[in-house]
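What follows is the residue order along each chain.
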Amino acid sequence: MKAMARTPLRVPKTPRQMQGQMHTEKKRDVSNKQQDPVNVFCRVRPLQSEGDLTCLRVKNSTTIAINPQDQLLQHHQKQQNGAQREVQYIFKHVFQPDATQQEVFAAVAQPLVENLVRGRNSLLFTYGVTGSGKTYTMTGNARHRGIMPRCLDLLFRTISDYQAKKFVFKPDRLNGFEILSEEDALLERQQEMNQRFAGAGRFAFRRKDSDPEIASQASVEPSPLTVLDEDNMYSVFITYVEMYNNSVYDLLEDSGVQKSLQCKIIREDANHQMFVHGVTEVEVKTVEDALEVFHMGQKRKRMGNTILNAESSRSHSVFNIRLVQAPTDCQGERVIQDKQTITVSQLSLVDLAGSERSSRTKNTGVRLREAGNINNSLMTLRTCLEYLRENQQLPPNVPPKKVPYRDSKITHMFKNYFDGEGQVSMIVCINPRIEDYDENMQVMKFAEMTQEVQIARATPMKPDLGLTPGRRKANKLFKIAVNNLNELGIPEAKQLEVDVGLVYSLGADFPHYQMDSPEAACKIQELMEYLEQRIDKRRKLRANMDVKCDNFRQMLMNLDRDNLQLRTELASMKAVYKQERERSAALENKVRIHESSIDVLNNTLSKRDRQIQELSEKLSEQEQLLTQKEQEKEKQKKKYNSKLAVESDKNKREFDMKLREQRAKMQERMRIKDEKLRLVSNILQSEDVPSLPRSQSSENLLNDKDRGGFTTRTESTAAPTTRTDLYCTPRHGLAAANNRHRRSRSAGDKWLEHRAANPVPLGTIMQPYLKNRKSVTKLTDMKELTGHGANKYCLVSQEADTDGDVETKLYKGNVIPTCGGGAQVVFDDVECLKQKSPVHSPTRKRPSNGNLSSSAFGGPLPTSTTGLTSMQDVASRCNLGIEGHSSKKSKM
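The written sequence of each chain sets the order in which its residues are numbered from 1. Owing to the predicted nature of the model, reporting of local features is limited to residues with pLDDT of at least 70; listing and counting of side-chain atom pairs is limited to 80 or more, with chain, interface and lining totals taken over all residues. Only heavy atoms go into the side-chain values, all of them from the structure, while hydrogens and water stay out.

1. Re the nonpolar core
Here is step 1: As used in this record, nonpolar core signifies buried Ala, Val, Leu, Ile, Met, Phe, Trp, Tyr and Cys residues forming a set joined through side-chain atoms within 4.5 Å. Per-residue accessibility, obtained with a 1.4 Å probe over protein chains only, is compared with the maximum for each type, and a residue is labelled buried under 20%, exposed over 50%, and partly exposed between these values. Core analysis: the biggest nonpolar cluster contains 52 residues, and I64, F91, F414 and F418 have the highest contact counts within it.
Here is step 2: Whether two residues are in contact is decided by their heavy atoms: any pair within 4.5 Å suffices. Here F418 is in contact with L381, L385, L388, Y405, V424 and I455, once residues within four sequence places are set aside.
Here is step 3: Membership of the second largest hydrophobic core comes to 47 residues, among which are F105, M148, V282 and F319.

In structure tokens form, the structure reads like this:
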């Protein structure tokens, strides 16, 4: 069943045949190409104030007359310069000062948009002195939209129902495009959406914060164009660049806030088209998106303030609108996955910077350099157009001049347009003030010369695949009809198929030709090519018919086999269906049982939640009570610590008082002993001995010896002292000994001994005895002093004395804890250990009388004994032992 009647269509071509046909047509167009002049329009800016004088007048819709002698200055200028007649210039159309933006767009830009949809390239640029209205004509303002937003609006209203999904066409960074599959395009859209939500997208359009000017510019409703091919898919891409100081910059480049724009280079692609390498191409789907992209680029465009114009463009800006289109498949639903079927057309809107004279603008520094580069680029444009005009006027046998396109970036970029790859139009903007007469004359001469340049008419090369015209619309109508039949309850509607495939036709009619014409040989060649194409088409159609017959036969066999298989499957599926219903009923019963169990569990869970809440409240109360107790405990601890500190201070004061009393008593005792010793010394050294019987003196001395001898002891607590004891020995010369042998008074304390890692062994008879001690070689942390519970500290120091003997000193002290948690050591004793031989060495100096020998704190060491020679009878029986003991108290 056919849904629609067939219409004659062309047979599809292979890519190789398409290329051959395009090459042949291109060769033919080179010899017989039609040419069109550059369309030059003129727009006169209204005077800013009524008092300004004008230097021109508009005679009609195509003519302007320039006369510098205004009515007010006519008499004065005639006297100085003589009479000057007016100069007339003719344009394709002249727009009066009161002309609207819509009138300018309809006459100048709307045909260029039609060329864009047809697949042709177009170039439109505005030219004039600074302040003449070029930017206003191209972009407009909030109330009066310019050419650029109106072109976008008309384009999107034309292709609104025929746009491809985003990322179906993707730029290949080499001025071309590639076609992505539906899956790849979906992944690209998803990635863009994720970046937009994350705020990292390069063009995350913000509707709420958009510029009010842009919002107002997207509100007109022009009528769509009727030149659209409904069987194609369309996508619009935007690029925005500027030429500043003869360098190209991408205004849409994704650079940070602090980074400056990178300079770009102009290259030539595989089709010999000039493009900016690495430029950012943004795909837009609505007018708002496109204007948002334009607004982002405008923020980076270089503007400046001069005397003649408050917002003067300091660079040439180029806004490119690229329309990418490709045919759909036989059903008209998807784009054909063939890169060679893509047609790319471009509309370039160029806002040239205005020419300036430094004598009028008074520019200096950067502004002067910018003005120089602007004037140089405009001069290069004028030179290129002059060379093109001269080359077109040369005879065929004269070689043309080389056009210096590369002298400026603006001419290098649009070289293809001037070589015949698109239509070129120019709007000359004029400021009619009499002060701009000289600049306007130069602009008029340039416009007059530009109109004489002929541009070859470009022919769009759209691929001819031989598919049915209107297939997309036919398929859409067919689907609507099938849906309507389904709603009416006709099940056979799903089995209907629409045939929008190939229609058997051998092509167009034979071309007209005459054998007697001068071009007979060329026409015969064209006829041979046409016949070869028809033969090839016939062969393809016959092969296509055979394939369709085989496919139809195979389809019938497959349907019969599938029918038998489906019947068998239907019987088995009925049995399975019955089992599944029984199983479903059993599962429903289980579900009801489980639902009741779930209800019970939910009730239990709610009870447990209430219990948990109650326990949590109790726990919080207990924690509060515990916190209060801890606070009270801390208060008591602080209180007891303060009391302990008070008691410690009290005990310390009492101890100091008792210590002073004890020291006073000891000093008194030492004074008495010193007095006794002095008396004994006087007795021994005196020559007048009391007249006592010898036997009585000896007996008294022996009695005194039996009672313990004459002992005199002197002690001092303020400084190291020397304790001296005098003993008498028997007549037969036995050695006297001190019976006061005692050990260290700290034997019951815990000691911390701080000594060297490798001490020298002591050779003394008496060794220091420290009970319950711990030895360390290094003391770096306070915990090592207080952590062992030691209350005594002993520092062992070994060094050589003046005689070369080893002298060992023991510095002893008490470890007292401090209020801050640390500890301090109060040194109260020093012990010095030495060892000397009783036999004097001949190499050493004999010690003098009264030398002190080394002693330990616990008792006397072996000493060197010297006799006192005061009296011979006493010296033979007595021996004087002197024990030296020094005590030193220091506090750290």
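Let us keep going from here.
2. Topic: unusual backbone geometry
Here is step 1: With phi around 70°, N175 is a residue other than glycine that occupies positive phi space.
Here is step 2: Per the convention used, a helix needs a DSSP run of H or I reaching at least four residues, while a strand needs a run of E reaching at least two, with both numbered from the N terminus. As for its position among the elements, N175 is in the loop between β8 (169–171) and β9 (177–179).

3. A look at the pattern of salt bridges
Here is step 1: The term salt bridge refers to a pairing of a side-chain nitrogen on Lys or Arg with a carboxyl oxygen on Asp or Glu at a separation within 4 Å. Scanning the entire structure with this criterion turns up 24 salt bridges.
Here is step 2: A salt bridge links K264 to E253, with the shortest nitrogen-to-oxygen separation between them at 3.9 Å. In this pair, K264 is assigned in strand β12 (residues 263–264) and E253 in the loop between β11 (247–250) and β12, connecting sequence segments eleven residues apart.
Here is step 3: A salt bridge links D536 to K540; the nearest nitrogen and oxygen atoms lie 3.5 Å apart. Pair noted here: D536 and K540 are both in helix α15 (residues 520–685), with a separation of four residues, about one helical turn.
Here is step 4: Here the salt bridges share partners, and the residues they tie into one network are D536, R539 and K540.

4. Observations concerning the sheet that holds strand β3 (residues 56–58)
Here is step 1: Should DSSP find at least two bridges between two strands, the strands are regarded as paired. The strand order β3-β4-β5 describes an open sheet built from three strands, whose pairing is antiparallel. Strand pairing shows two members of the sheet lacking a second neighbour, β3 and β5 (87–90), which therefore form its edges. For this sheet the average axis-to-axis angle between neighbouring strands, irrespective of direction, equals 20°.
Here is step 2: As defined by bridge partners, β3 adjoins strand β4 (residues 63–66) across three bridges and the pair is classed as antiparallel. Within the sheet, the bridge partner assigned to L56 lies in β4 and is I66.
Here is step 3: Only the contacting stretch of a helix is used when fitting its axis, a line to C-alpha atoms as for every element, and angles between N-to-C directions run 0 to 180 degrees. Packing of helix α13 (residues 437–451) onto the sheet brings it into contact with β4 and β5, and relative to β5 it is tilted by some 40°.

5. A closer look at the packing of helix α3 (residues 101–118) against helix α5 (residues 147–159)
Here is step 1: At a minimum axis separation of 9 Å, α3 and α5 run at an interaxial angle of 50°. In terms of their interaxial angle, α3 and α5 are classed as oblique. Handedness of the crossing formed by α3 with α5: right-handed. Between α3 and α5, the contacting residues are Q101, Q102, V104, F105, A109, Q110, V113, L116 and V117 on the first element and I147, R150, C151, L154 and L155 on the second.
Here is step 2: Within the contact of α3 with α5, the residues separate by chemical class into ten nonpolar, three polar and one charged. Any angle that falls under 35 degrees is termed roughly parallel, while one over 145 is termed roughly antiparallel, one within 65 to 115 roughly perpendicular, and all others oblique. By convention, the crossing between two helices is left-handed when the near helix turns anticlockwise from the far helix through less than a right angle, and right-handed when the turn is clockwise. Amino acids outside the nonpolar list (Ala, Val, Leu, Ile, Met, Phe, Trp, Tyr, Cys, Pro) and the charged list (Asp, Glu, Lys, Arg) are all regarded as polar, and Gly is one of them.

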